[in-house]
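# What the coordinates show
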Amino acid sequence: MTMKKKPFILGNWKMNLTLVEGVEFAKSLRSAVCDESGIICGICPPFVFLKDICLVLEGCGIFVAAQNIHSEKNGAYTGEISATMVKEVGCAYVLIGHSERRHIFHETDSFINAKIKTALSVNLKPVFCVGETLDDREDERTKYVIRNQLKEGLHGISAGQINELVIAYEPVWAIGTGKTALPEQANEVHSFIRGVITDGYGKEIADSVYIQYGGSVKPENAKELMTQPEIDGLLVGGASIKFESFFKIIETAAKY
Ligand code: 13P
């Protein structure tokens, strides 16, 4: 069993809120959790809010993450945003391989792998998302799919780089559906993920890697998820766009 770590709670706003609402949220978060030593926390605003929100949260230990980047550092990719750009405005993390990117925008494992490498090359920490669909689970392919996503996504990533990233397990069938994986179900997959990392990089590194759970996380289920031994944090979608519910999740997680 891994040692419990300081919980890492990340809110993914997806394509929600206005700039004014986002800035207000960030100000409330700053005054509520600034210097809160029991927790690591951050938010993933849409690209066009990043600079304003980074300015609000500057120096208070709350991280800002981008929701995506392109794999190339610059070039003729109209409409895309690079790792260097989000780093320059103050982001510390970036979501890579989120299921909405994989399924709606058809991102492949090799593209995701290239993005992870680019992010690491500019000291931007990837939050690397993996997860099975309902069909995968019903066909008992969960472990096969997740092992593959990890293997392909982490291809060429060294042991030294693994601790620079966070892994997020988000079962696709639990995202935005109100269906949370049972805490034990999530814990089992987290343990499997840690096993795959152990096979590739050794136990010490695997134990120190953060693995977040995401998929219909709410204030009501945060405790039972966070008390699972293999769950190191939460990646929150819908419940992260209202300050009150996100803060309740943070408060709960800080206790476990
Ligand atoms: P929900 O919490 O809305 O299910 O979204 C989870 C998610 O996709 C976070 O990245």
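Nothing here was measured: the structure is a model prediction, and the numbers come from that model. (Residues numbered from 1 in each chain as written. Predicted model: local features only at pLDDT ≥ 70, side-chain atom pairs only at ≥ 80, totals over all residues. Heavy atoms only, no water.)

## Regarding the side chain of N221
The condition is simple: Segments assigned H or I by DSSP are reported as helices when at least four residues long, segments assigned E as strands when at least two residues long, and all are numbered from the N terminus. Here a residue-residue contact requires only that any non-hydrogen atoms of the pair lie within 4.5 Å.
Looking at the secondary structure, you find N221 in helix α11 (residues 219–226). When neighbours within four sequence positions are excluded, N221 is seen to be in contact with T180 and S216.

## Structural notes on the site of the ligand
Selection criterion: Nearness is defined per residue: one heavy atom within 4 Å of the molecule or strand is enough. Nitrogen and oxygen atoms within 3.5 Å of one another constitute a polar contact, given that in protein one can donate a hydrogen and the other can accept it, and given that sequence-neighbouring residues count only through two side-chain atoms. All accessible areas in this document rest on Shrake-Rupley with a 1.4 Å probe, and a residue is counted as covered only by the protein chains that are shown. Gly counts as polar in this scheme, as do all residues outside two lists: the nonpolar Ala, Val, Leu, Ile, Met, Phe, Trp, Tyr, Cys and Pro, and the charged Asp, Glu, Lys and Arg.
What surrounds the ligand is a group of 13 residues, the closest being K14, H98, G176, S216 and G238. Between the ligand and K14 there is a distance of 2.8 Å, counted from an oxygen atom to a side-chain nitrogen or oxygen. Considering the ligand on its own, with 300 Å² of exposed area, one finds that the protein chains cover 95% of that surface. A breakdown of the residues in the shell around the ligand according to their chemical character gives four nonpolar, seven polar and two charged.

## Here we look at helix α12 (residues 243–254)
Here is the rule: One less than the number of residues in a helix, times 1.5 Å, gives the span that helix is expected to have. Each residue is assigned to one of three classes by its accessible area relative to the maximum for its type, calculated with a 1.4 Å probe on protein chains only: buried under 20%, partly exposed between the two thresholds, exposed over 50%.
Helix length check: α12, at twelve residues, gives a terminal C-alpha distance of 16 Å against a target of 16 Å (1.5 Å per residue), a fit within 8%. For α12, the full list of buried residues reads F243, S245, F246, F247, I249, I250, T252 and A253. Buried residues along α12 sit against β1 (8–12), α1 (19–33), β2 (40–44), α11 and β8 (233–236).

## A few points about the pairing of β1
The condition is simple: Any two strands between which DSSP finds at least two bridges are classified as paired.
For β1, the tally of buried residues reaches five of five residues, placing the bulk of the element in the interior. With burial as the criterion, each face of β1 is covered, one bearing F8, L10 and N12 and the other bearing I9 and G11. By the bridge criterion, five bridges tie β1 to β2 in an arrangement that is parallel. When the bridges of β2 are listed, L10 appears paired with G42.

## A word on the packing of aromatic side chains
Defined as follows: Aromatic contacts are taken between Phe, Tyr and Trp rings whose centres are within 6.5 Å, Trp giving its six-membered ring; a plane angle under 30 degrees counts as stacked, one over 60 as edge-to-face, and the others as tilted. Placement of a positive charge over a ring is assigned whenever Lys NZ or Arg CZ falls within 6 Å of the ring centre and within 35 degrees of the normal to the ring plane.
Within the structure shown, the criterion is met by eight aromatic pairs. With a centroid separation of 5.1 Å and an interplanar angle of 75 degrees, the aromatic rings of F63 and Y93 are classed as edge-to-face. Here F63 is found in strand β3 (residues 63–66), whereas its partner Y93 is found in strand β4 (residues 93–96), with 30 residues between them in sequence. Taken together, a centroid distance of 5.6 Å and an interplanar angle of 10 degrees make the contact between F243 and F247 stacked. Of this pair, F243 and F247 are both found in helix α12, four residues apart, which corresponds to roughly one turn of the helix. No difference in accessibility class separates F243 from F247, as the two residues are buried. Aromatic rings pair up to connect W13, F25, F243, F246 and F247 into one cluster. Positioned above the aromatic ring of Y210, the side-chain terminus of K5 is 5.6 Å from the ring centre. For R101, the ring lying beneath its charged end belongs to F105, and the centroid distance is 4.1 Å.

## Digging into the nonpolar core
General note: in soluble globular proteins, nonpolar side chains tend to be found buried as a group. Selection rule: Here, the term nonpolar core denotes a set of buried Ala, Val, Leu, Ile, Met, Phe, Trp, Tyr and Cys residues that are joined through side-chain atoms within 4.5 Å.
Core analysis: the largest hydrophobic core is formed by 70 residues, its most contacted members being L29, I193, Y213 and L234. Of all hydrophobic cores here, the second largest spans 13 residues; its members include A65, Y93, L95 and V127.

## Quick notes on the pattern of salt bridges
So the rule is basically this: Take a side-chain nitrogen of Lys or Arg and a carboxyl oxygen of Asp or Glu: if they are within 4 Å of each other, that pair is a salt bridge.
One pass over the full model with this rule turns up 13 salt bridges. Put simply, E107 and K115 hold a salt bridge, and the shortest N to O gap is 2.9 Å. Judged on exposure class, the residue E107 and its partner K115 are both buried. Ionic pairing is found between K143 and E188, a salt bridge with its closest N-O pair at 3.5 Å.

Just distances and angles here, no functional claims.
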